[in-house]
Amino acid sequence: MKPLTLDLSPATELFPPKIKRRLMDEKLLAVLTIDDPEDAVPVAEALLAGGVRAMELAWRTPGALAALERVVEAVPEMLAGVGTLLAPEQIHAARDAGAAFGVSPGLSVKLLDTARESGFPYAPGIMSPSDLHLAAEYGCTLLKFFPAESSGGLQHLRNINAPFKHLDFRYVVLGGLNETNMPSYLSEPSVSVIGGSWIASPDLIAAGNWEEIRCRAARARQIVDDASRG
Ligand code: 3PG
């Protein structure tokens, strides 16, 4: 019998291989919500000092994009993306501000169309087989599994990915992850990146506690490195 080869996707990849590779090599993503753009550079430097070199700046505050611009300019070693993209204009604005990539909590045809037209590296959020089917049709290969823990965790991800396994989706797992549950996700081959907001939580940022952020980043990096060594 011939092997099953399905190509549901259009020619263009929504997450170009080079930037996808870099994110997958990092394996770790800090999710940040920043109120005051002045905090952006010290937070990014604390993360880097702890070994976290990729971040998602959640666009949930008025200062989020200004924060991103500061990181792009002052901390070029940081792979800085924007999250919580909900409207097509936000994709244009994030790209113009220098974001390396964008993610959304859910799947929106409007945003997928905009990302494709503008050539912006983009990963939508998914949590169901229907989401995965649509993502495949749009040529997505990297997806944000969100909210991971409350939607059923690793077992749920394995179950929804099973019918699509031959399409080789890769997942950025976010939502409810912590130091205890992170290692289990890394045992799943389709999981390429994990992370969360606990590494640089809003209360630590508000308190200017860069040292604790550096320590948490180092612990998260250690967990990922230990899991990668097997
Ligand atoms: C996100 O937008 O990715 C989440 O806020 C991350 O989830 P967490 O806050 O539970 O880590």
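In what follows, the structure referred to is the one given above.
A brief look at the structure comes next. Every value quoted in this text rests on a predicted model; they were computed, and no experiment measured them.

Here's the deal with unusual backbone geometry
Move 1: The amide bond that connects F146 to the next residue, P147, takes the cis arrangement and shows omega of -5°.
Move 2: Position of P147 relative to the elements: it lies in the loop between β7 (142-145) and α7 (153-161).
Move 3: Of note in this structure, T84 is not a glycine but carries a positive phi near 55°.
Move 4: Mapped onto the elements, T84 comes out in the loop between β3 (79-83) and α4 (88-96).
Move 5: Even without a glycine there, the phi angle at D168 is positive, about 60°.

Quick notes on the pattern of salt bridges
Move 1: A full pass over the atoms with the stated rule returns 13 salt bridges.
Move 2: Of the charged contacts, one joins R53 and E26 as a salt bridge, the two residues approaching to 2.9 Å between their closest N and O atoms. Taken together, the positions of R53 in the loop between α2 (40-50) and β2 (54-58) and E26 in helix α1 (residues 17-26) put the pair 27 residues apart, joining distant regions of the chain.
Move 3: Overall, the relative accessible area of 32% leaves R53 in the partly exposed class.
Move 4: Exposure remark for E26: the relative accessible area of 10% places this residue in the buried category.

Considerations on the side chain of N181
Move 1: One can find N181 in the loop between β8 (170-173) and α8 (182-186).
Move 2: Among the polar contacts made by the side chain of N181, one reaches the main-chain carbonyl oxygen of G176 at a distance of 3.0 Å.
Move 3: When sequence neighbours within four positions are dropped, the list of residues in contact with N181 reads E149 and G176.

Observations concerning the packing of α2 against helix α3 (residues 64-74)
Move 1: One can describe the packing of α2 onto α3 by two numbers: an axis separation of 8 Å at closest approach and a directional angle of 55°. As judged from the angle between their axes, α2 and α3 are oblique. Considering only the axes of α2 and α3, their crossing is right-handed. Contact residues: A40, V41 and A44 in α2; A67, R70, V71 and A74 in α3.

About the cut-offs
Residues numbered from 1 in each chain as written. Predicted model: local features only at pLDDT ≥ 70, side-chain atom pairs only at ≥ 80, totals over all residues. Heavy atoms only, no water. Helix = DSSP H or I, 4+ residues; strand = E, 2+ residues; numbered from the N terminus. Salt bridge = Lys/Arg side-chain N within 4 Å of Asp/Glu carboxyl O. Buried < 20%, exposed > 50% of the residue type's maximum accessible area, 1.4 Å probe, protein only. Polar contact = N/O pair within 3.5 Å; in protein donor to acceptor, adjacent residues only side chain to side chain. Contact = heavy atoms within 4.5 Å. Axes fitted to C-alpha atoms, helices over the stretch in contact; angles between N-to-C directions. Parallel < 35°, antiparallel > 145°, perpendicular 65-115°, else oblique. Left-handed = near helix turned anticlockwise from the far one by under 90°.

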